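Spelled out from the first residue to the last, the chains are:
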Amino acid sequence: MKKMTILLSILAVSSAGATRTAENLKGFRNVCVNASFEEKGKENEAVRGKLITRLEAALKKANIAVAPGECGPKGLTANRQVNLFFSFFTTDDGDIYQASLEGWLSKEGNYKEVTLWSDLFIGGLDVGGGSLEAADLADELVADFIADWKKTTH
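Quick caveat: nothing in here was measured; it's all calculated off a predicted structure.

1. A look at the packing of aromatic side chains
Now for step 1: Across all of its chains, the model carries four aromatic pairs by this definition.
Now for step 2: Ring centres of Phe88 and Tyr97 lie 5.7 Å apart, and the angle between their planes is 15°; this geometry places the pair in the stacked category. Residue Phe88 shares its accessibility class with Tyr97, and that shared class is buried.
Now for step 3: Relative to Phe145, the ring of Trp117 has its centre 5.2 Å away and its plane inclined at 85°; by these criteria the two rings are edge-to-face. Pair noted here: Trp117 is in strand β6 (residues 113-124) and Phe145 is in helix α3 (residues 130-151), with a separation of 28 residues, a long-range link. Comparing Trp117 with Phe145, the two get one shared label, buried.
Now for step 4: Site record: aromatic cluster; members linked through ring pairs are Phe37, Phe88 and Tyr97.

As structure tokens, then:
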């Protein structure tokens, strides 16, 4: 029963945030990439680094310019840059996950935070399989982002 309550809580909070709005990506010329990975309450920097590399490779293959280094809080509109953030976490039991990809701006002009594009998945997995699931979902989510990016005639 505890797992069902957690899953319903995640669904209630998160599913409303999924907005794939390709039009919001128009005019941007590059992205910066960051990620987080947490399985059973523990962060894993090695997996996080591999996910960032994987996302950057997919974007570069699609001819989307990727800014080096971490995403900065300023200059995003002037540089026509979108922060792209992949997040993966599981419940403490490790059998329910949420994975999301968001394109957003932060602390720019009158905005405190603006999400331009987002998508997410929630589901179950075999305990200990988080890194494989995260990689598969990162591939799927970045493919959706790339498709929407290309719809805006970049």
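2. A word on the pattern of salt bridges
For side chains of opposite charge, pairing can occur when their charged atoms come near one another.
Now for step 1: With the rule as written, the count across this model stands at five salt bridges.
Now for step 2: Asp144 serves as the salt-bridge partner of Arg20, at 3.7 Å between the closest nitrogen and oxygen. With Arg20 in the loop between α1 (2-14) and β1 (30-39) and Asp144 in helix α3, this pair connects stretches of sequence that are 124 residues apart.
Now for step 3: The closest approach of N and O atoms between Lys151 and Asp148, which form a salt bridge, is 3.2 Å. Taken together, the residues span about one helical turn, with Lys151 and Asp148 both in helix α3 at a distance of three residues.
Now for step 4: Judged by relative accessible area, Lys151 falls into the exposed class, the value being 59%.
Now for step 5: Through salt bridges that share partners, Arg20, Asp144, Asp148 and Lys151 make up one connected network.

3. What about the packing of helix α2 (residues 45-61) against α3?
Now for step 1: Packing of α2 against α3 brings their axes to within 10 Å, and their N-to-C directions diverge by 30°. One finds that α2 runs roughly parallel with respect to α3. The element α2 and its partner α3 pack so that their crossing is right-handed. Packed against α2, whose contacting residues are Val47, Leu51, Arg54, Leu55, Ala58 and Leu59, the element α3 presents Ser131, Ala134, Ala135, Ala138, Asp139, Val142, Phe145 and Ile146 at the interface.
Now for step 2: The residue inventory of the contact of α2 with α3, partitioned by class, reads 11 nonpolar, one polar and two charged.

4. Concerning the nonpolar core
Now for step 1: Counting residues in each nonpolar core, the largest one holds 35 residues, and the members touching the most others are Val31, Leu59, Phe86 and Phe145.
Now for step 2: Elements represented by at least two residues in this core include exactly β1, α2, β4 (81-90), β5 (96-106), β6 and α3.
Now for step 3: Among the elements that make up this core, the one with the highest residue count is α3 (nine residues).
Now for step 4: Apart from the residues within four sequence positions on either side, Leu59 is in contact with Val31, Val33, Ile64, Val66, Leu84, Val142, Phe145 and Ile146.

5. What to know about the pairing of β1
Now for step 1: Across the 10 residues that make up β1, a large majority, eight, are buried.
Now for step 2: The pairing of β1 with strand β3 (residues 65-66) spans two bridges and is parallel. Paired with Val31 across the bridge in β3 is Val66.
Now for step 3: Direction of pairing for β1 relative to β4: parallel, over a ladder of nine bridges. Paired with Ser36 across the strands is Ser87, a residue of β4.
Now for step 4: The pairing of β1 with strand β2 (residues 42-43) spans two bridges and is classified as antiparallel. Looking at β2, one finds that Glu38 is bridged to Glu43.
Now for step 5: The antiparallel pairing of β1 with β2 creates a hairpin that spans two residues between the two strands, and Lys40 there sits at a positive phi of about 55°.

What counts, and where the lines are drawn
Residues numbered from 1 in each chain as written. Predicted model: local features only at pLDDT ≥ 70, side-chain atom pairs only at ≥ 80, totals over all residues. Heavy atoms only, no water. Phe/Tyr/Trp six-rings, centres within 6.5 Å; stacked < 30°, edge-to-face > 60°. Buried < 20%, exposed > 50% of the residue type's maximum accessible area, 1.4 Å probe, protein only. Helix = DSSP H or I, 4+ residues; strand = E, 2+ residues; numbered from the N terminus. Salt bridge = Lys/Arg side-chain N within 4 Å of Asp/Glu carboxyl O. Axes fitted to C-alpha atoms, helices over the stretch in contact; angles between N-to-C directions. Parallel < 35°, antiparallel > 145°, perpendicular 65-115°, else oblique. Left-handed = near helix turned anticlockwise from the far one by under 90°. Contact = heavy atoms within 4.5 Å. Nonpolar A, V, L, I, M, F, W, Y, C, P; charged D, E, K, R; others polar. Core = buried A, V, L, I, M, F, W, Y, C linked by side-chain atoms within 4.5 Å. Pairing = 2+ DSSP bridges.

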